[in-house]
Amino acid sequence: MMFKGPQLWVKPFNILLGGSIVILLMFIPTTSIYSQNGDIQSNNDISLNSNLTKSEQLQNLGLYAVYQQLEMEITKIMEIAYQSMNLTNSFGNFPGVNLTTDMQQKYRGIPSDLDVEKRNEAKNLLADNPSLLFVGMNFPNGDTYFSEPYYPSQANSSVSNYGYRDHIIGAQESKQPYLSNVISAASTGKPIAVLATPIFSDKTTNSTLVGMLALGINFTHFNEIIKSNSDNNETRILLLDNNGTEISDSPSNNKITESLDGLQSFKNAKGGELGSMIENFNGRNMTISYAPVDFAQTKWILLAISSDK
């Protein structure tokens, strides 16, 4: 889509003067999409029909298929989180073994052969949900109880307490599942996100917080989803966290080097909007379609960037 610059809209007005009809032409400049230096501005929304459903708008933006797959994976993760909150799995029975100082120092939690029931349930979840990188449990203060897979998630961790992490603090304060932005894993140093879910002693409103379920998000799996929905090298699809940090990226010959959190399309999606616009990005006019993807208390941002021809 190419814009040719500002235009004039001519509107006629008929008025009666001295018995004669006089036609006045009022020239009204359309809103310029160009800045004074000729660069295309970042507020050029390509209008979407507000009468369309969300699914129809996503179809028009070319984001429907990838959005649906992302939403399906996130729904599965959130179901696991709420099952723990509702005490419908073994994680609700917490803890099963007393954690000692010696265990913390040697194993960064309980040894691999203790509380086998929870460990086995964690292993089953990992086998059934490729979107998960690890499943762990922490005490309210952030001390690790266990994590699966034991290696490297628990045995190779550089710390035994995660009380400083935003997802632990957020779950404590909100009493709801809380997703971190992209962070570095203490066990591998690789970028991850973690969903922390509070576990209470029972279902009553005054129940006591006894622990946290920690679900590590597997970026490799989400990257496969993004890549499988990129059918050409002309469009680059990216999945970002709420800070604009990259989670997944489709193949592209047009490597993007600028930060993405400054894009108006990113800001619009972060505000809950979906749409398409043209922005001057990396020295080129690019068409960017965008949509927010709800995840726990936050949003991931989906962008599709292509050349404006």
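Residues numbered from 1 in each chain as written. Predicted model: local features only at pLDDT ≥ 70, side-chain atom pairs only at ≥ 80, totals over all residues. Heavy atoms only, no water.

Enquirer: What am I meant to see in the overall build of the protein here?
Expert: The helix and strand tally for the protein stands at eight helices and 14 strands. The proportion of buried residues among the 309 residues of the protein is 45%. Surface exposure of the protein reaches about 15700 Å², of which carbon and sulfur atoms provide 48%. (Helix = DSSP H or I, 4+ residues; strand = E, 2+ residues; numbered from the N terminus. Buried < 20%, exposed > 50% of the residue type's maximum accessible area, 1.4 Å probe, protein only. Areas by Shrake-Rupley, 256 points an atom, 1.4 Å probe, with all protein chains shown as cover.)

Enquirer: Explain the packing of helix 2 (residues 64–85) against helix 7 (residues 219–228) here, please?
Expert: Geometry of a packed helix pair, given as the angle between the helix axes and the separation of the axes. Remark: helix 2 packs on helix 7, axes separated minimally by 9 Å, with the N-to-C direction vectors making an angle of 160°. Our classification of the angle between helix 2 and helix 7 gives roughly antiparallel. Where helix 2 crosses over helix 7, the two elements pack in a sense that is right-handed. Along its contact with helix 2, which presents Val66, Gln69, Leu70, Glu73 and Ile77, the element helix 7 presents His221, Phe222, Ile225, Ile226 and Ser228. For the contact of helix 2 with helix 7, the class distribution of residues is six nonpolar, three polar and one charged. (Axes fitted to C-alpha atoms, helices over the stretch in contact; angles between N-to-C directions. Parallel < 35°, antiparallel > 145°, perpendicular 65-115°, else oblique. Left-handed = near helix turned anticlockwise from the far one by under 90°. Contact = heavy atoms within 4.5 Å. Nonpolar A, V, L, I, M, F, W, Y, C, P; charged D, E, K, R; others polar.)

Enquirer: Would you mind going over helix 2 with me for this structure?
Expert: Working note: α-helix, 3.6 residues per turn, so residues spaced by three or four point in the same direction. Here helix 2 spans 31 Å end to end across 22 residues, near enough to the 32 Å set by a 1.5 Å rise per residue. Taken as a whole, helix 2 has its buried residues at Val66, Tyr67, Leu70, Glu73, Ile74, Ile77, Met78, Ile80, Ala81, Ser84 and Met85. Relative to the axis of helix 2, the buried residues are bounded by an arc of 155° and lie together on one face. Directly beyond the C-terminal end of helix 2, a positive phi value near 60° is found at Leu87. (Expected span 1.5 Å × (residues − 1). Arc of directions from axis to C-beta.)

Enquirer: For this particular structure, what's the right way to read helix 4 (residues 116–128)?
Expert: Here helix 4 is 13 residues long and its end C-alpha atoms lie 18 Å apart, about the 18 Å a rise of 1.5 Å per residue gives. Taken residue by residue, helix 4 has Lys118, Arg119, Ala122, Leu125 and Leu126 as its buried positions. The arc enclosing the buried residues of helix 4, seen along the axis, measures out at 120°, which places them on a common side. Opposite the packed face of helix 4, turned more than 90 degrees from it, sit the exposed residues Glu117, Ala127 and Asp128. In this structure, the buried residues of helix 4 make contact with helix 2, strand 4 (132–138), strand 5 (144–148) and helix 5 (150–154).

Enquirer: What should I look at first to understand the pairing of strand 10 (residues 235–240) in this one?
Expert: Two faces belong to every sheet, and in a regular strand the side chains alternate between them. Judged by how many residues are buried, strand 10 sits mostly within the fold: five of six residues are covered. Of the strand pairs in this sheet, strand 10 and strand 14 (residues 298–307) are connected by six bridges, and their pairing is antiparallel. Within strand 14, the position partnered with Ile237 by the bridge is Ala304. In the sheet, strand 10 pairs with strand 11 (residues 246–249) via three bridges, with the strands oriented antiparallel. When the sheet's bridge partners are listed, Leu238 is paired in strand 11 with Asp249. The hairpin turn running from strand 10 into strand 11, its antiparallel successor, is five residues long, and Gly244 in that turn takes a positive phi close to 90°. (Pairing = 2+ DSSP bridges.)

Enquirer: Would you take a moment to explain the packing of aromatic side chains for this structure?
Expert: How two aromatic rings sit relative to each other is set out by the distance from centre to centre and by the angle between their planes. According to the stated counting rule, one finds six aromatic pairs in the structure shown. Ring centres of Phe139 and Tyr145 lie 5.7 Å apart, and the angle between their planes is 90°; this geometry places the pair in the edge-to-face category. One exposure class covers both Phe139 and Tyr145, and it is buried. Both rings, one in Tyr145 and one in Phe146, keep their centres 6.0 Å apart while their planes meet at 65°; by these two values the pair is edge-to-face. Assigned by exposure class, Tyr145 and Phe146 land together as buried. Members of the aromatic cluster, connected to one another through ring pairs, are Phe94, Phe139, Tyr145 and Phe146. (Phe/Tyr/Trp six-rings, centres within 6.5 Å; stacked < 30°, edge-to-face > 60°.)

Enquirer: Please clarify how the confidence of the model for the protein should be interpreted in this entry.
Expert: Do not read the fine detail of predicted coordinates wherever pLDDT is low. Overall, the prediction assigns the protein a mean pLDDT of 84, with 80% of residues at 70 or greater. Ranking the helices and strands of the protein by mean pLDDT puts strand 6 (residues 178–179) first, with 98, and strand 2 (residues 20–29) last, with 41. Residue range residues 1–42 is modelled with pLDDT below 50. Its contacts to residues more than four positions away, or to other chains, number 63 contacts. (pLDDT = per-residue confidence, 0-100.)

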